[in-house]
Amino acid sequence: MSAATPAPARGSRTSVEIASQPVCWRQAAETLPAHTAALPRRGERVAVVGCGTSWFMAQSYAALRENSGHGETDAFAASEFPRGRRYDRILAITRSGTTTEVLDLLGRVQGTVPTGAISADPATPVMGLADAVAVLDFADEESVVQTRFATTALALLRAHLEREGSRPIGLRTVAQAAQDAERAVTQPLPADLVGAEQFTFLGTDWTYGLALEAGLKMREAAGAWTEAYPAMEYRHGPISITGPGRVAWVFGALPEGLAGDIDRVGGRLTAGSQDAAGDLDPLADLIRAQRLAVAIAESRGYDPDRPRNLTRSVVLEH
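Calculation rules
Residues numbered from 1 in each chain as written. Predicted model: local features only at pLDDT ≥ 70, side-chain atom pairs only at ≥ 80, totals over all residues. Heavy atoms only, no water. Helix = DSSP H or I, 4+ residues; strand = E, 2+ residues; numbered from the N terminus. Expected span 1.5 Å × (residues − 1). Buried < 20%, exposed > 50% of the residue type's maximum accessible area, 1.4 Å probe, protein only. Contact = heavy atoms within 4.5 Å. Salt bridge = Lys/Arg side-chain N within 4 Å of Asp/Glu carboxyl O. UniProt positions renumbered as here; feature names shortened; annotations may be inferred. Pairing = 2+ DSSP bridges. Right-handed = clockwise from strand over helix to strand, strands pointing away. Phe/Tyr/Trp six-rings, centres within 6.5 Å; stacked < 30°, edge-to-face > 60°. Lys NZ or Arg CZ within 6 Å of the ring centre and 35° of its normal. Axes fitted to C-alpha atoms, helices over the stretch in contact; angles between N-to-C directions.

Where an unreviewed UniProt entry is consulted, the chain appears under the name SIS domain-containing protein, with the organism given as Streptacidiphilus alkalitolerans.

Right, here's the structure in full:
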């Protein structure tokens, strides 16, 4: 068994925000009644939009909502929203409340379809463009790289499904996920993960969005070589990249036979559902990937609080 990298001391601002997620998830669930005006109603046909991390959270929520029987739910990058397609409601996820593509879409549909938003800042343009906004200011971040706001937005949406009594079979409660998050924040990371050359993140159904997000976190914070795919697609090509020194990380249930396939090509499997981390809620397992991104960044001499080529919000000139 490989040596482990201890949980980091309070160093970078990003690490501090990552560690605060269990508290933020519980607060999201506790304050849910104050935010429901912005959230979809049962039976509505809904489009959820965002950019970057927010888009991946939108994908996870869309799968959870539809599987809960709440209604047809699609997720789009805000720039790719299909013009002319009709929805009963559009929900935007935007940490900053200033992202150009999200604001452009909300402005274009204003007055023609009910809209809601989840944001971290009540003093931003999204407040005047969406019909209702759930403001999660307690989960706002100083960091450029999103961690706790994104997961707290998804925790809020999961809590909303719970309140409606339609949590998908097998999905843990937000309270249980927060308990798992406490373990994910403190448990040592295997040292061989920090030194790995390449990562392929895999997910199924709602956890595919988490896989996409894990890959993005590693690229943003550490400049790492990462890819992400639906788990059952892994054997349809992506497995060719796996080998010694390379990691396949599975969020949620491990498809039958996949462990053997990864072992056969010499890859390293990690999965929150079965390895040393214990049986973690997939959202809590994402915390491990966030922590790993910071650890790799620091091992390479990068500052995770100041990622290369990135700003906190993308605001385009018209």
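J.: Could you give an account of helix 3 (residues 53-67), with specific residues and numbers?
T.: The end-to-end C-alpha distance of helix 3, which contains 15 residues, comes to 22 Å, matching closely the 21 Å that a straight helix rising 1.5 Å per residue would cover. A large share of helix 3 lies buried, amounting to 11 of its 15 residues. Where helix 3 is concerned, the buried positions are Thr53, Ser54, Phe56, Met57, Ala58, Ser60, Tyr61, Ala62, Ala63, Leu64 and Arg65. Looking at the buried residues of helix 3, the elements they touch are strand 2 (46-50), strand 3 (73-77), strand 4 (89-94), helix 6 (148-163), helix 9 (207-222) and helix 11 (282-299). Once helix 3 finishes, Gly69 follows within two positions and takes phi at roughly 80°, a positive value.

J.: Got a sec to walk through the pattern of salt bridges? Specific residues and values, please.
T.: All told, the structure shown has 17 salt bridges when counted by the stated rule. A salt bridge links Arg95 to Glu141, with the nearest nitrogen and oxygen atoms 2.6 Å apart. Placement of Arg95 in the loop between strand 4 and helix 4 (100-109) and of Glu141 in the loop between strand 6 (132-135) and helix 6 is noted, with a sequence separation of 46 residues between them. The pair formed by Arg95 and Glu141 is uniform in burial state, with each residue classed as buried. Arg246 is paired through a salt bridge with Glu197; the nearest N and O atoms lie 2.9 Å apart. Pair noted here: Arg246 is in strand 10 (residues 246-251) and Glu197 is in the loop between helix 8 (191-194) and strand 8 (198-203), with a separation of 49 residues, a long-range link. In this structure Glu197 comes out as partly exposed when scored by relative accessible area, which is 43%.

J.: A description of the UniProt feature "domain: SIS" (unreviewed entry) in the chain should follow, citing residues and the corresponding values.
T.: Feature annotation in UniProt assigns "domain: SIS" (unreviewed entry) to the following positions: residues 36-171. For residues 36-171, helix accounts for 33% and strand for 18%, while the C-alpha atoms at its two ends are 21 Å apart.

J.: Describe the pairing of strand 10, listing the residues and the values that go with them.
T.: Among the 6 residues of strand 10, 6 are classified as buried, and the element is accordingly described as predominantly covered. Here strand 10 shows a buried face lined by Arg246, Ala248 and Val250 and a second buried face lined by Val247, Trp249 and Phe251. Strand direction decides the pairing type here: strand 8 and strand 10, joined by 6 bridges, are parallel. Looking across to strand 10, one finds that Gly203 is bridged to Phe251. As judged from the 4 bridges shared by strand 10 and strand 11 (residues 268-271), these two strands associate in the parallel manner. Each residue of the ladder has a partner; that of Trp249, found in strand 11, is Thr270. Assessed by its sense of winding, the connection that carries the chain from strand 10 through helix 10 (residues 258-264) to strand 11 is right-handed.

J.: Give me unusual backbone geometry: which residues, what numbers.
T.: Excluding glycine, residues mostly have negative phi values, and the peptide bonds linking residues are mostly trans. Phi at Asp205 is positive, roughly 60°, even though this residue is not glycine. Along the chain, the position of Asp205 falls in the loop between strand 8 and helix 9.

J.: Explain the packing of aromatic side chains residue by residue, including any values.
T.: Counting across every chain of the model gives 8 aromatic pairs. Aromatic pair Phe76 and Tyr87: ring centres 6.3 Å apart, planes at 70°, arrangement edge-to-face. Of this pair, Phe76 sits in strand 3 while Tyr87 is found in the loop between strand 3 and strand 4, placing the two residues 11 residues apart along the sequence. Here Phe76 matches Tyr87 in class, with each residue buried. Between Phe81 and Tyr87, the aromatic rings sit 5.9 Å apart at their centres with planes inclined by 50°, giving tilted as the arrangement. Just as Phe81 is buried, Tyr87 falls in that class too. Arg45 extends its terminal NZ or CZ atom over the ring of Tyr87, reaching a point 4.6 Å from the ring centre.

J.: Now, about the sheet that holds strand 2: what can you tell me, with residues and values included?
T.: Taken together, 5 strands build an open sheet; the order of strands is 3-2-4-5-6 and the sheet is parallel. Both outer strands of the open sheet, strand 3 and strand 6, are each paired with one neighbouring strand and no more. Direction aside, neighbouring strands of the sheet carry axes that sit 20° apart on average. Where helix 3 meets the sheet, it contacts strand 2, strand 3 and strand 4, and its direction lies at approximately 170° from that of strand 3.

J.: Got a sec to walk through helix 4? Specific residues and values, please.
T.: Buried within helix 4 are the following residues: Thr100, Val102, Leu103, Leu105, Leu106 and Val109. Packing partners of the buried residues in helix 4 comprise strand 2, strand 4, strand 5 (115-119) and helix 5 (126-129). Of the residues one or two after helix 4, Gly111 is the one with positive phi, at around 85°.

J.: Mind laying out the pairing of strand 3, listing which residues take part and the relevant values?
T.: With 4 of 5 residues buried, strand 3 lies mostly within the body of the structure. Bridge count for strand 2 against strand 3 is 5 bridges, and the pairing is parallel. Within strand 3, the residue paired with Gly50 across the bridge is Ala77. At this point the chain moves from strand 2, through helix 3, to the parallel strand 3, and the crossover so formed is right-handed.

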